[in-house]
Amino acid sequence: MLRFTACRLQLAIAVLTIDGFASAFSVEPNRDQTKAKPTPWINAPVVPGEGFAGVRFGDPTDEAERTLGEPDSGYETARMYGRQGFEVKLYGGRVTSFSFYRNFRGRLVDSGIAMGDSLADVQRAYGSILERREVDVLWDWTLHRVLLVRRDGPVKDTGTLSRLSYEDRGLCFYFDSDDRNVGFFIEPKRPVSKKEEKNP
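Note that the structure is a prediction, hence the values are computed from the model and not measured.

A. Molecular detail of helix α4 (residues 119-126). Among all positions in α4, only Leu119, Val122, Gln123 and Tyr126 are buried. Looking down the long axis of α4, one finds its buried residues gathered within 100° of arc, a one-sided arrangement. Tucked into the core, α4 has its buried residues touching β9 (146-150), β10 (162-166) and β11 (171-175).

B. Structural view of the layout of surface pockets. What the largest pocket holds in volume is close to 340 Å³. Elements supplying a minimum of two residues to the lining of the largest pocket: β6 (86-91), β7 (94-100) and β12 (181-186). With four residues, β12 is the single largest residue contributor to the lining of the largest pocket. In terms of residue class, the lining of the largest pocket is built from nine nonpolar, four polar and three charged.

C. Molecular detail of the sheet that holds strand β3 (residues 55-56). Strand order in the open sheet formed by three strands is β1-β2-β3, with antiparallel pairing between adjacent strands. Sheet topology places β1 (46-47) and β3 at the edges, where each strand pairs with a single neighbour. Across two bridges, the pairing between strand β2 (residues 51-52) and β3 is antiparallel. Across the sheet, Phe52 pairs through a bridge with Val55, a residue of β3.

D. Structural detail: the sheet that holds strand β8 (residues 131-135). With mixed pairing, the nine strands of this open sheet are ordered in space as β4-β5-β6-β7-β12-β11-β10-β9-β8. Where the open sheet ends on each side, the last strands, each with one partner, are β4 (73-75) and β8. Between one strand axis and the next, the sheet turns by 15° as a mean value, whatever way the strands run. Inspection of the sheet shows β9 paired to β10 by three bridges, in the antiparallel sense. Following the sheet pairing, Val149 is matched in β10 by Ser162. Strands β5 (78-81), β6 and β7 of the sheet are contacted by helix α3 (residues 61-68), whose axis makes an angle of about 10° with β5. Where α4 meets the sheet, it contacts β9, β10 and β11, and its direction lies at approximately 10° from that of β10.

E. Representation of the side chain of Ser97 in the model. Mapped onto the elements of the fold, Ser97 is located in strand β7. The residues touching Ser97, leaving out its near neighbours within four places in the chain, are Phe57, Glu87, Val88, Lys89, Phe185, Ile186 and Glu187.

F. Molecular detail of α3. Residues of α3 that are buried include every one of Thr61, Ala64 and Leu68, and no others. Seen end-on, α3 carries its buried residues on one side only, within an arc spanning 60°. Taken from the residues just after α3, Gly69 is the one with a positive phi, measuring 95°.

Thresholds applied
- Residues numbered from 1 in each chain as written.
- Predicted model: local features only at pLDDT ≥ 70, side-chain atom pairs only at ≥ 80, totals over all residues.
- Heavy atoms only, no water.
- Buried < 20%, exposed > 50% of the residue type's maximum accessible area, 1.4 Å probe, protein only.
- Helix = DSSP H or I, 4+ residues; strand = E, 2+ residues; numbered from the N terminus.
- Arc of directions from axis to C-beta.
- Contact = heavy atoms within 4.5 Å.
- 1 Å grid on protein atoms, 1.4 Å probe; cavity = no way out; pocket = protein on both sides within 12 Å on 5 of 7 lines; lining within 4 Å.
- Points joined across faces, edges and corners; volume = space filled by probe spheres on them.
- Nonpolar A, V, L, I, M, F, W, Y, C, P; charged D, E, K, R; others polar.
- Pairing = 2+ DSSP bridges.
- Axes fitted to C-alpha atoms, helices over the stretch in contact; angles between N-to-C directions.

Printed below as a string of structure tokens:
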């Protein structure tokens, strides 16, 4: 009986010793790396012509980062918050515009327009298009209420087919082949000519 008890005691000590070594030398994942980054702005409202989440056009970059938090990535002229669905554009160390993508869940405060809303919804909120024009690339930002449509079809990576700007509101929308909003862009408002303001 004593021999059996001693054997059990030795076995228990051996198990504890091995377990102790394993714990001491095992590599645990960094808690900061495994913890998901918070996304407090993914549902935040967007104010056309002014800014987003308390950050206004013209604010210094460091002030914007203090408000929005650390970006997922970035470079001199942009800070990307991909998990939250938006990007901050910069020039001269100051905020110039914001871009919002498919995974963003916020809305435009003046109209309630959000991702997935239709081209018809956008026109009801901000005015009908004045012209539809086919183009090779969607790069011209100055055409007020002109629907630009890619001649070669949707962009392969994003599915974007068309773009519609409202310069007097500092707004630009992107749509897919189903005429659904897949992204939008806000910047400072600019005055438009009487010709541009004309309703069809």
